[in-house]
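Residue-level structural notes
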Amino acid sequence: MRSLARKSVLPLTFTVVMAAAVVGYASEQTDTSGSGGGRSSFGKSGEAGGQDPQDQDPSATAPADDGNAYTPRRTEQNARVGAVFEKDDSGDHFCTASVVQSPGRNMLITAAHCAYDSDAGSTVNDLVFAPDYRNGEEPTGLWKVKKVIVDDRWAKSQDEDLDVAFLILDEKKGKQVQDVLGGNTLGIDRGFDNEVKITGYPTSRNTPISCQNRTTKFSDTQLRVQCTDFEGGTSGSPWLADYDPKSHTGTVIGVLGGHEGGGDEDDVSYAAYFDDDVATLYKHAQDED
């Protein structure tokens, strides 16, 4: 059950322009030199369990059956998804994030519970992102998070319908992450029935898993999907629809999280519905860059 009733929103064209006046936010400059305090697991963040799916290398015309997890190939699309660590890659990765397009070309999307410590009442201050991480290999290295943007209502009450965060990255060797990897678009009000590909990093594995299936409506504010083996560590995994190989772009319509932090079963996952609140938060994250 939601812990805080959500305020009614104005039409999207107005709320985006007037973001600062309509809704409050909690955001901080992170101190990337700070030491990590360890992660307490919530939902599907940082907790291993279940069986590893079989490694596969499905062809473009013969993916795994809907709902079954597999190890995806290294592709431009998959390289935009990465493991999230604290401070550096010496510890366990505990969540997943992915690149979304922004004017600053330096933005990720993940679940709010991956980036905000509700016990401390502050954002996690030393996150790093390892895109396309596999068996300790980081093709483009580690990218430091310099800002975490969450809705103020999430910060105050962990409203499961607002379990979304945007992360602003430092540049690396004079380039932004989107210059190196490209980025996906953000999909607002896409409905509850979508064919999606979900890619994430279980803590128990050092390679990602992917799954294709159709989303369903769990509630007016939550999406649901059946995909095997999405255990601890997959919180924040992007739900990608309509990937176009010609433009090299897909649309993120959700991130694994929301209800029960993404779910308490490995084979069933949830995501908060992307509505005007998420659009406003996205606009605010761009303004904070």
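Residues numbered from 1 in each chain as written. Predicted model: local features only at pLDDT ≥ 70, side-chain atom pairs only at ≥ 80, totals over all residues. Heavy atoms only, no water.

1. A look at the pattern of salt bridges
For the coordinates displayed, the defined rule picks out 12 salt bridges. The residue aspartate 277 makes a salt bridge to arginine 153 at a minimum N-O spacing of 3.4 Å. Of the two residues, aspartate 277 sits in helix α6 (residues 276-288) while arginine 153 sits in helix α4 (residues 152-157), which places them 124 residues apart along the sequence. With relative accessibility at 9%, the residue arginine 153 sits in the buried group. Connected via shared salt-bridge partners are Arg74, Asp132, Arg134 and Glu137. (Salt bridge = Lys/Arg side-chain N within 4 Å of Asp/Glu carboxyl O. Helix = DSSP H or I, 4+ residues; strand = E, 2+ residues; numbered from the N terminus. Buried < 20%, exposed > 50% of the residue type's maximum accessible area, 1.4 Å probe, protein only.)

2. Thoughts on the sheet that holds strand β17 (residues 268-272)
Within the open sheet, the three strands sit side by side as β13-β14-β17. Their pairing is antiparallel. Edge positions in the sheet fall to β13 (216-219) and β17, since each has one partner strand and no second. The mean angle between the axes of side-by-side strands here comes to 35 degrees, regardless of whether they run parallel or antiparallel. Relative to strand β14 (residues 222-226), β13 is paired through three bridges, and the arrangement is antiparallel. Residue threonine 216 lies in a different strand from β14, and its bridge partner there is arginine 224. (Pairing = 2+ DSSP bridges. Axes fitted to C-alpha atoms, helices over the stretch in contact; angles between N-to-C directions.)

3. Thoughts on the state of the cysteines
A full pass over the atoms with the stated rule returns two disulfides. The disulfide partner of cysteine 95 is cysteine 114, and the S-S distance across this bridge is 2.1 Å. The disulfide joining cysteine 95 to cysteine 114 has a torsion of about -80 degrees about its S-S bond and is therefore left-handed. Of this pair, cysteine 95 sits in strand β3 (residues 95-100) while cysteine 114 is found in helix α3 (residues 112-115), placing the two residues 19 residues apart along the sequence. Exposure class is identical for cysteine 95 and cysteine 114. Each is buried. Assigning the bonded cysteines of the chain consecutive numbers by sequence position, one obtains the connectivity 1-2, 3-4. (Disulfide = S-S within 2.5 Å.)

4. A few points about the pairing of strand β8 (residues 143-151)
The buried fraction of β8 amounts to seven of the nine residues, a majority that puts the element mostly inside the structure. As paired elements, strand β7 (residues 127-131) and β8 share two bridges and run antiparallel to each other. Residue pairing for β8: phenylalanine 129 is matched across the bridge by tryptophan 143. With five bridges connecting them, β8 and strand β9 (residues 165-169) associate as antiparallel partners. Within the sheet, the bridge partner assigned to valine 150 lies in β9 and is alanine 165.

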